[in-house]
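Below are the chains, spelled out letter by letter.
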Amino acid sequence: MAAAPPFGRVLSAMVTPMRADGTLDLDAAQRLATHLVDAGHDGLVVSGTTGESPTTSADEKDELLRAVLDAVGDRCTVIAGVGSNDTAKSAENAQLAQKAGAHGALVVTPYYNKPPQAGLVAHFRAIADASDLPVMLYDIPGRSGIAIARETYLAVSEHERIVAVKDARADLALAGELMASTGLAWYSGDDAMNLTHFANGAVGFVGVTSQVAPAAYRRLADAAVAGRYDEALELHRGLGPIVHAVMDVTQGAITAKAALVLQGHLADPAVRLPLVPADEDQTALLRHALTTIPG
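What counts, and at which threshold
- Residues numbered from 1 in each chain as written.
- Predicted model: local features only at pLDDT ≥ 70, side-chain atom pairs only at ≥ 80, totals over all residues.
- Heavy atoms only, no water.
- UniProt positions renumbered as here; feature names shortened; annotations may be inferred.
- Helix = DSSP H or I, 4+ residues; strand = E, 2+ residues; numbered from the N terminus.
- Rg over C-alpha atoms; globule rule 2.2 N^0.38 Å.
- Buried < 20%, exposed > 50% of the residue type's maximum accessible area, 1.4 Å probe, protein only.
- Contact = heavy atoms within 4.5 Å.
- Lys, Arg positive; Asp, Glu negative; His and termini not counted.
- Charge placed at Lys NZ, Arg CZ, Asp CG, Glu CD.
- Expected span 1.5 Å × (residues − 1).

As annotated in an unreviewed UniProt entry, the protein chain is 4-hydroxy-tetrahydrodipicolinate synthase from Terracoccus luteus. If you open the UniProt record of the protein chain and go to Catalytic activity (unreviewed entry), you find "L-aspartate 4-semialdehyde + pyruvate = (2S,4S)-4-hydroxy-2,3,4,5-tetrahydrodipicolinate + H2O + H(+)".

Structure (structure tokens):
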């Protein structure tokens, strides 16, 4: 396990706070970012999928990134979600993120248009070439419709700025092989598998539930890194109900916002269509699960 992973160990894909009318609440974003760093986060991803990147404009993404950087940029790593299924636009996003002061770029596999693996190699290289930011690839075939092949990983790992992977494909055997063969820093992108990824050699995680239970996830990461697996396993199992409530019932941005409202960290659970706020049953499940988070 890397002694000094490139983006830290405990990160969340932060929600994008919004007011009831759907406009960004930048003050709330700064308060949430500060809360997460105070609770032990090493980094934040801004404008990832959990941050509703498909329905926020380029100007809004820039405003949000700058607001979070102003609040915590001197205390944690702030990574901008820049990927899309348009390579030129993604490259431009990376340049804008660098100009704003981001510390890294998250680049998801292009969704819907299903390029061949040669297209993935060219896509990732073009985005990495577009700025000086270190790049974390995001491999999530369940959303994007395409997985990054072994040969593609080997090819893009030769790029000096492609340094890490957020892995949400649940193939631990392949992940272990690729950690060894590519030298890329591996991050769990699946809340239910964070501990398993640590045991497999990952350096950290980029979570969703971690913004709802930041202190518990900090302890889990510290215990796993120190080899205190009995403690880490107890925390992992204790976090099971909140992981289920946030990740398995509906889209994570919806439930994370609802949970943060219940905790008093957000004033409004507003999301943008096609997402809709959590319903009464989902909110009740979250309310109960929040009481089970390990103290």
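There is more to say after this.
*Asks:* Explain the overall build of the protein chain residue by residue, including any values.
*Replies:* Along its length, the protein chain carries 13 helices and 8 strands. Its C-alpha radius of gyration of 18 Å places the protein chain within 12% of the 19 Å reference for a compact globule of 295 residues. Dimensions of the protein chain along its principal axes, counting C-alpha atoms only, are 45 × 45 × 35 Å. Out of the 295 residues belonging to the protein chain, those deemed buried represent 56%. Put simply, 72% of the contacts in the protein chain that link residues at least 6 apart link residues at least 24 apart. Computed over 22 positive and 34 negative side-chain charges, the inter-centroid distance for the protein chain is 1 Å.

*Asks:* For the side chain of N194, give the residues involved together with the corresponding values.
*Replies:* Turning to its location among the elements, N194 is positioned in helix α8 (residues 194-200). Judged by its relative accessible area of 2%, N194 is buried. Filtering out sequence-adjacent residues up to four positions away, N194 remains in contact with S188, F205 and Y217.

*Asks:* Can you explain the UniProt feature "site: Part of a proton relay during catalysis" (unreviewed entry) in the protein chain? Please cite residues and give values.
*Replies:* UniProt records the feature "site: Part of a proton relay during catalysis" (unreviewed entry) at T49 and Y112, using the numbering of this structure. The exposure class assigned to T49 is partly exposed, which follows from its relative accessible area of 26%. In this structure T49 touches Y138, R143 and Q251, once residues within four positions along its chain are discounted. Within the secondary structure, Y112 is located in the loop between β4 (104-108) and α4 (117-130).

*Asks:* Describe helix α9 (residues 214-225), with residues and values.
*Replies:* When the terminal C-alpha atoms of α9 are compared, their 17 Å separation across 12 residues agrees well with the 16 Å that a helix rising 1.5 Å per residue should span. Of the positions making up α9, those classed as buried are P214, A216, Y217, R218, L220, A221, A223 and A224. Turning to α9, the residues buried within the fold contact β1 (10-13), α1 (26-38), α8, β8 (204-207), α10 (229-238) and α11 (240-247). Backbone geometry just after α9 places G227 at a positive phi near 80°.

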